[in-house]
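Report on the structure
If you want the building blocks of each chain, they are given just below.
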Amino acid sequence: MSKSNEIPFVALPVDIFTAMRDILGEYDLSDKEEEFFETLGVRCGRAVVKRTGFTWESDEQLADALVSLWAEVGIGRLTAKDVDKGGVAAEVTDTIESLALGNVGEPSCHFTRGYITGVVSELSSREHMTVEDQCVCEGHPKCVFTVIPL
Ligand SMILES: [Zn+2]
């Protein structure tokens, strides 16, 4: 087995995330970090829906579509269920941020949060926002997100 085969799939995204964070700091833009990673996540989430040509029929569970699409990308493991009023409750283990940062005492998965927003908004053709209710980066076993239509 060559050495590159031993690198976990998630290693590259974690390295990219860490490098981007470092560079933002070097450019004195650490105060923009949350906004930057959320916006990046939204754009990547929308892009992956377009790229895969994945479509969602409105009589299907939006959460199921999100889970199927998440499996294509391989950034953490996601489970999700539909909730009232067009919302989705999602739980993710091994987000890029939780792997890169560990416990820093506050919810920190801004890219993942944006990514979920982008995927759900693009799939449903309706704007959504995502709140991270619990985070591994503040000591919880999983990251828990609520996705709400706007
Ligand atoms: Zn988190």
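You'll find the structure just up there.
In terms of helices and strands, the protein chain carries five helices and four strands. Taken from the N to the C terminus, the helices and strands of the protein chain come in the order α-α-α-β-β-α-α-β-β. Against the compact-globule benchmark of 15 Å for 150 residues, the protein chain has a radius of gyration of 15 Å, which places it among compact chains. For the protein chain, the spread of C-alpha atoms along the three principal axes comes to 45 × 40 × 30 Å. When the 150 residues of the protein chain are sorted by exposure, 37% land in the buried category. Of all intrachain contacts in the protein chain linking residues separated by at least 6 positions in sequence, the fraction that spans at least 24 positions is 53%. Surface summary for the protein chain: the accessible area is close to 8,600 Å², and the carbon and sulfur share equals 52%. Between the mean site of the 13 positive side-chain charges and the mean site of the 26 negative ones, the protein chain shows a separation of 2 Å.

Another point: the side chain of S121. For S121, the position within the fold is in helix α5 (residues 110-124). Of the polar contacts made by the side chain of S121, one reaches the backbone oxygen of T117; its length is 2.7 Å. One polar contact links the side chain of S121 to the main-chain amide nitrogen of H128, over a distance of 3.0 Å. Each residue touching S121, except ones within four places of it in the same chain, is listed here: R46, R126, E127 and H128.

So, on to the coordination of the zinc ion. Ideal coordination angles are 109.5 degrees for a metal with four donors arranged tetrahedrally and 90 or 180 degrees for a metal with six donors arranged octahedrally. At the metal site, the zinc ion is ligated by C109 (SG), E132 (OE), C135 (SG) and C143 (SG), and these contacts range over 2.0 to 2.3 Å. The coordination sphere of the zinc ion comprises four donor atoms, whose angles at the metal cover 100 to 116°; the geometry is tetrahedral. Linear spacing of the donor residues for the zinc ion on their chain is C-x22-E-x2-C-x7-C. In this pair, E132 is assigned in strand β3 (residues 128-134) and C143 in strand β4 (residues 143-149), connecting sequence segments 11 residues apart. With relative accessibility at 0%, the residue C143 sits in the buried group.

Tallying each qualifying case throughout the model produces four aromatic pairs. On the basis of an interplanar angle of 80° and a centroid distance of 5.1 Å, the ring pair of F36 and F37 is categorised as edge-to-face. When its relative accessible area of 32% is taken as the criterion, F36 is described as partly exposed. Of the residues examined, F37 reaches a relative accessible area of 2% and is grouped as buried. Residues F111 and Y115 carry aromatic rings whose centres are separated by 5.8 Å and whose planes lie at 35° to one another, so their mutual orientation is tilted. With F111 and Y115 both in helix α5 and four residues apart, this pair spans about one turn of that helix. Residue class for F111 comes out buried when judged on its relative accessible area of 11%. Among the aromatic residues, ring-to-ring pairing joins F17, F36 and F37 into one connected group.

Membership of the largest hydrophobic core comes to 31 residues, with the highest contact counts inside it found for L66, W70, Y115, I116 and V119. Looking at this core, the elements with two or more residues in it are α1 (11-26), α2 (33-52), α3 (62-73), β2 (87-93), α5 and β4. With seven residues, the single largest contributor to this core is α3.

Cut-offs used in this document
Residues numbered from 1 in each chain as written. Predicted model: local features only at pLDDT ≥ 70, side-chain atom pairs only at ≥ 80, totals over all residues. Heavy atoms only, no water. Helix = DSSP H or I, 4+ residues; strand = E, 2+ residues; numbered from the N terminus. Rg over C-alpha atoms; globule rule 2.2 N^0.38 Å. Buried < 20%, exposed > 50% of the residue type's maximum accessible area, 1.4 Å probe, protein only. Contact = heavy atoms within 4.5 Å. Areas by Shrake-Rupley, 256 points an atom, 1.4 Å probe, with all protein chains shown as cover. Lys, Arg positive; Asp, Glu negative; His and termini not counted. Charge placed at Lys NZ, Arg CZ, Asp CG, Glu CD. Polar contact = N/O pair within 3.5 Å; in protein donor to acceptor, adjacent residues only side chain to side chain. Donors = N, O, S within 2.8 Å, 3.2 Å for Na, K, Ca; no water. Tetrahedral: all angles 85-135°; square planar, octahedral: opposite > 155°, others 65-115°. Phe/Tyr/Trp six-rings, centres within 6.5 Å; stacked < 30°, edge-to-face > 60°. Core = buried A, V, L, I, M, F, W, Y, C linked by side-chain atoms within 4.5 Å.

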